[in-house]
Amino acid sequence: MALLEIKDLQVKYGVIPALKGISFEVELGEAVAIIGANGAGKTTTLHAISGIADKCGGQVFFNGEDITKMPAHKIVSRGISQVQEGRGVFPNLSVAENLSLGAYLRNDKAEIAKDYEFVYEVFPRLLERQKQMAGTLSGGEQQMLAIGRSLMARPKLLLLDEPSMGLSPLITENIFKTIKKLNKERQMTILVVEQNAQMALWVSHRTYIMETGNIVYGGASKELKNQDFIRKSYLGQKD
Amino acid sequence: MINGITVGGSYALIALGYTMVYGILRIVNFAHGDVFMMGSFFGLFCMQFLGMPYYVAFPIAAIATAIMGIIMERIAYRPIRTADSLTVMISALGVSTFLGNLAMVLWGSGTHAFSGFSGITVSVYKFDNVVLSNIQIGFIVLSVLLMMALYFIVNKTKIGIAMRATSHNIKTAKLMGINTDRIISFTFGIGSALACVAGLLVGIYYDAVYPLIGYSYGLKAFAAAVLGGIGSIPGAMLGGFVMGIVETLGASYISAGYRDAFAFAILIIVLIFRPAGILGKKEIDKV
Ligand SMILES: Nc1ncnc2c1ncn2[C@@H]1O[C@H](COP(=O)(O)OP(=O)(O)O)[C@@H](O)[C@H]1O
Ligand SMILES: [Mg+2]
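Presented here is an overview of the structure given in this document. Everything numeric in this text was worked out from a predicted model, so none of it was measured.

Glancing now at the coordination of the magnesium ion (ligand 2). All names here are of chain A. Protein-derived ligands of the magnesium ion (ligand 2) are Thr-43 (OG1) and Glu-85 (OE), with the metal-ligand distances lying across 2.0 Å. Highlighted residues: Thr-43 in helix α1 (residues 42–50) and Glu-85 in the loop between β6 (80–83) and α3 (95–102), separated in sequence by 42 residues. Judged by relative accessible area, which is 36%, Glu-85 ranks as partly exposed.

Structure (structure tokens):
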């Protein structure tokens, strides 16, 4: 049984379908990527899993439990944490307060303290800026904060929505190195959606390709990298 | 001046309810003035018919009003959370009309006095040329204490951080595991309890409560919230005191007949120069 199982998931905005019945799964310990152009439905997929988009069909199973109809805050309690597109940090709260919200549902004080240390170890920048309002951070620092905040939830599954968005290639690379490390060294299960196919293929074991609300292809990232159509349409390479 | 601070304290307490609800839901709860009125009646009822001393009646009435505020949100606002602002305004006016009429059914349309029921006897102190009554002192102390308590809750506690997060972005707050419906209920409860205390203070100070009292007080407190910057908690406190002081000074030095005109004149003047209010921030449009 996979950690996350999506079956025939459908979402509509008004009458316009955004997800037309997609199915896929993420195994425990895996890093899975979904790539696709702008508007393909990647963000909607993550929102549907997290419970902040209304589903009109299909099912979502997490750890064997049907979470299709569960309210968003309960889904968090089951161990899913999402890093939103465009970071979604609270600009009116300090860095430390933002991190504390990641651990909102936890009561294990000693373990929370360890996780603060861990987050500050992964992102030393955040330690320097602890007391600063999150709105004053740079884009890269906000991305670190958003990821750090999710780590404070100690999730079983980390959902990442376009972590590369708006960041320089160098910072993007650093962020993805961190993501890979979390997956490899901390055995954190990761589902990342990206327009940056190169980074997505590099960080993940398996990759799905999404086009206008459908998953059109799926396979091992290593093999996908060498497929002609991927190189042409998603990696922008010519022969 | 003292009178202005006293009245300002009640405007501030009511304005906090407007500003907190606006901060979280971006709606103006036009029924808030009626919540203030009902709170005042609840307190009077506790003292007059249940024979409670004021220090028991205050918290009991505040709790009852908080529960009423929470129920109001459930019935009148939650089902239309995603509706446009006109729908919300109509719903708010409906609640306002309902509460005003409910008060008339329960207590009649006349004015009720507090004296004799509150168990408070007025005594007056003189310091040089300042005259203070024990009611004024109690009024100011209580309103300032409540504001300090609120400031502490919002800025230093876990639920306060959750309130600020929810007011910035409900969806993101949900992704933190925050039960945002509960935070919204809590906000309505706190706002209503503060309005109730304001209603009791005003009732005892002027020795009067009547079903329509909510309109003028509600409107001025709303103006105070806008003056301070709607959505801003310190703004509502400041706006309330500025409003109270300006109208009292205007009334005593220029003309008492234009009391309300001064209150709104200051609002208009401030909004011309600072459209977002004194402490308000420019709204960053959410995508
Ligand atoms: N809140 C919304 N209201 C209406 N349509 C939306 C909304 N969010 C997304 N869409 C539409 O749904 C489709 C999928 O969007 P999205 O999931 O954001 O794609 P991606 O993340 O892959 O760029 C797009 O056509 C988009 O225009
Ligand atoms: Mg997207």
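That covers the picture; the talk isn't over yet.
Right, let's get into the interface of chain B and chain A. Counting residues at the interface gives 18 residues for chain B and 23 residues for chain A. Both faces combined, the contact of chain B with chain A buries some 1,900 Å², and carbon together with sulfur accounts for 66% of it. A per-residue breakdown of the area chain B buries against chain A is headed by Lys158(B), Leu175(B) and Met176(B), which together make up 36% of the total. Residue Glu97(A) pairs with Arg164(B) through a salt bridge whose shortest N-O separation is 2.9 Å. Counting across the chain B and chain A interface gives 3 residue pairs in polar contact (both at pLDDT 80 or more). Only α6 (158–168) and α7 (170–175) of chain B provide two or more residues apiece to the side of chain B that touches chain A. With 6 residues, the top contributor of residues to the side of chain B that touches chain A is α6(B).

The next point concerns the sheet that holds strand β1 (residues 4–13) of chain A. Hydrogen bonds along the backbone pair up the strands of a sheet, which may run parallel or antiparallel. Residues and elements named next belong to chain A. As summarised here, the arrangement of the 4 strands in space is β2-β1-β4-β5, forming an open sheet in which the pairing is antiparallel. Only two strands of the sheet have a single partner each, and these edge strands are β2 (16–26) and β5 (65–66). For β1 and strand β4 (residues 57–62), the ladder comprises 5 bridges, and the chain directions are antiparallel. Note that in β4 the partner of Leu-4 across the bridge is Phe-62.

The next thing to look at is the packing of helix α1 (residues 2–25) of chain B against helix α9 (residues 213–228) of chain B. For any two helices packed against each other, one specifies the inter-axial angle together with the distance between the axes. Residue and element names in this part refer to chain B. Their axes nearest at 8 Å, the elements α1 and α9 cross at an angle of 70°. Comparing their axes, α9 and α1 come out roughly perpendicular. Along its contact with α1, which presents Ser-10, Tyr-11, Ile-14, Ala-15, Tyr-18 and Thr-19, the element α9 presents Tyr-217, Gly-218, Leu-219, Lys-220, Ala-221, Phe-222, Ala-224 and Ala-225. Of the residues that constitute the contact of α1 with α9, the class distribution is 10 nonpolar, 3 polar and 1 charged.

All names here are of chain A. Sheet analysis places strand β9 (residues 206–211) next to strand β10 (residues 214–220), joined by 6 bridges and oriented antiparallel. Each residue of the ladder has a partner; that of Ile-209, found in β10, is Tyr-217. Hairpin remark: β9 followed by β10, antiparallel, with 2 residues in the connecting loop; positive phi at Thr-212, about 35°.

To continue, consider the site of ligand 1. Residue and element names in this part refer to chain A. Surrounding ligand 1, one finds Tyr-13, Ala-18, Ala-37, Asn-38, Gly-39, Ala-40, Gly-41, Lys-42, Thr-43 and Thr-44. Measuring from an oxygen atom of ligand 1, one finds a backbone N or O atom of Gly-39 at 2.7 Å. For ligand 1, an oxygen atom lies 2.8 Å from a polar atom in the backbone of Lys-42. For ligand 1, whose unbound accessible area comes to 560 Å², protein coverage reaches 56%. A per-element tally of the shell around ligand 1 places α1 first, with 3 residues. Of the residues belonging to the shell around ligand 1, the class tally is 4 nonpolar, 5 polar and 1 charged.

Rules used in this analysis
Residues numbered from 1 in each chain as written. Chains lettered and ligands numbered in written order. Predicted model: local features only at pLDDT ≥ 70, side-chain atom pairs only at ≥ 80, totals over all residues. Heavy atoms only, no water. Donors = N, O, S within 2.8 Å, 3.2 Å for Na, K, Ca; no water. Helix = DSSP H or I, 4+ residues; strand = E, 2+ residues; numbered from the N terminus. Buried < 20%, exposed > 50% of the residue type's maximum accessible area, 1.4 Å probe, protein only. Contact = heavy atoms within 4.5 Å. Buried area = accessible area lost by both parts, 1.4 Å probe. Salt bridge = Lys/Arg side-chain N within 4 Å of Asp/Glu carboxyl O. Polar contact = N/O pair within 3.5 Å; in protein donor to acceptor, adjacent residues only side chain to side chain. Pairing = 2+ DSSP bridges. Axes fitted to C-alpha atoms, helices over the stretch in contact; angles between N-to-C directions. Parallel < 35°, antiparallel > 145°, perpendicular 65-115°, else oblique. Nonpolar A, V, L, I, M, F, W, Y, C, P; charged D, E, K, R; others polar. Near = heavy atom within 4 Å. Areas by Shrake-Rupley, 256 points an atom, 1.4 Å probe, with all protein chains shown as cover.

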